[in-house]
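Chain by chain, the residues run as shown.
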Amino acid sequence: LQEKINKHESQAWLVNTGWSGGQYGVGERMSIKTTRACIDSILEGSAAEASTVADPIFGFDVPTSLPGVDSHVLDPKHAWENPEEYDATAKKLAGMFIKNFEKYAGKGSTDYTQHGPQI
């Protein structure tokens, strides 16, 4: 996939179309209106020009603002009422990813752990 992205000078975007503002049952689903505004920003190019901050655990860049999107939902931690609860949940999820990556480590496989979450 990375070779094709490089060859065709493509971009890949991760868009949260799921839950925001807390764990399941506390937060709410991302609205269709917000999801569409994110996709529109990607397609028209403003997302690529947006200022970003790096997620400290997962490492991806998070835009700080996009047209038509409430900025507090862009950074998942800011959407949660309790930032400490977000941190604990993010670290738990990161640990699950790290444990899963262990299955693919070893001879004959590429080590992708450097690209995964960092706790």
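Residues numbered from 1 in each chain as written. Predicted model: local features only at pLDDT ≥ 70, side-chain atom pairs only at ≥ 80, totals over all residues. Heavy atoms only, no water.

Turning our attention to the pattern of salt bridges. Summed over all chains, the structure comprises one salt bridge. For D87, the salt bridge identified is with K77, shortest N-O distance 3.1 Å. Of this pair, D87 sits in helix 5 (residues 83–102) while K77 sits in helix 4 (residues 76–79), placing them 10 residues apart in sequence. Exposure remark for D87: the relative accessible area of 24% places this residue in the partly exposed category. (Salt bridge = Lys/Arg side-chain N within 4 Å of Asp/Glu carboxyl O. Helix = DSSP H or I, 4+ residues; strand = E, 2+ residues; numbered from the N terminus. Buried < 20%, exposed > 50% of the residue type's maximum accessible area, 1.4 Å probe, protein only.)

This paragraph deals with unusual backbone geometry. Apart from glycine, the bulk of residues carry a negative phi angle, and the bulk of peptide bonds sit in the trans form. Unlike most non-glycine residues, E9 shows phi in positive territory, near 50°. Residue placement: E9 occurs in the loop between helix 1 (2–7) and strand 1 (19–20). Overall, E9 belongs to the exposed group, its relative accessible area being 72%.

Moving on, we get to helix 2 (residues 32–44). With 13 residues, helix 2 ought to run about 18 Å at 1.5 Å a step, and its terminal C-alpha atoms sit 18 Å apart, in line with that. Turning to helix 2, its buried residues are T34, T35, A37, C38 and S41. Along the long axis of helix 2, the arc covered by the buried residues comes to 160°, so they all point the same way. Among the exposed residues of helix 2, those oriented more than 90 degrees off its buried face are I32, K33, R36, L43 and E44. (Expected span 1.5 Å × (residues − 1). Arc of directions from axis to C-beta.)

All right, on to the packing of aromatic side chains then. Summed over all chains, the structure comprises five aromatic pairs. Their ring planes at 45° and their centres at 4.8 Å tell us that W19 and Y24 sit as a pair that is tilted. Classification of W19 by relative accessible area gives partly exposed; the value is 29%. Aromatic side chains F97 and F101 sit 6.4 Å apart centroid to centroid with 70° between the ring planes, which places their arrangement in the edge-to-face category. Here F101 and F97 lie together in helix 5, a separation of four residues that amounts to about one turn. Classification of F101 as partly exposed rests on a relative accessible area of 24%. Pairwise contacts between aromatic rings join F58, F60, F97 and F101 into one cluster. (Phe/Tyr/Trp six-rings, centres within 6.5 Å; stacked < 30°, edge-to-face > 60°.)

Another point: the nonpolar core. One finds M30, A37, C38, A47, A50, L66, V69, V73 and L74 forming the largest nonpolar core, which totals nine residues. Residues I57, F58, A90 and A94 belong to the second largest nonpolar core, which totals six residues. (Core = buried A, V, L, I, M, F, W, Y, C linked by side-chain atoms within 4.5 Å.)

The next subject is the side chain of T34. Residue placement: T34 occurs in helix 2. Judged by relative accessible area, T34 falls into the buried class, the value being 15%. Excluding its chain neighbours within four sequence positions, the residues that come into contact with T34 are V69 and V73. (Contact = heavy atoms within 4.5 Å.)

We now examine helix 5. With 20 residues, helix 5 should cover 28 Å at 1.5 Å per step; its first-to-last C-alpha distance of 29 Å lies within 8% of that length. The set of residues buried in helix 5 consists of Y86, A90 and A94. Projected down its long axis, helix 5 shows its buried positions confined to an angular sector of 65°, all on one face. Exposed residues lying more than 90 degrees from the buried face of helix 5 are E84, K92, K99 and E102. Residues of helix 5 that are buried sit in contact with helix 4. Measuring from the side-chain oxygen of the N-cap residue of helix 5 to the backbone nitrogen of E84 gives 3.0 Å; that N-cap residue is N82. (Polar contact = N/O pair within 3.5 Å; in protein donor to acceptor, adjacent residues only side chain to side chain.)

From the geometry alone we can't say anything about function, so treat these as descriptive.
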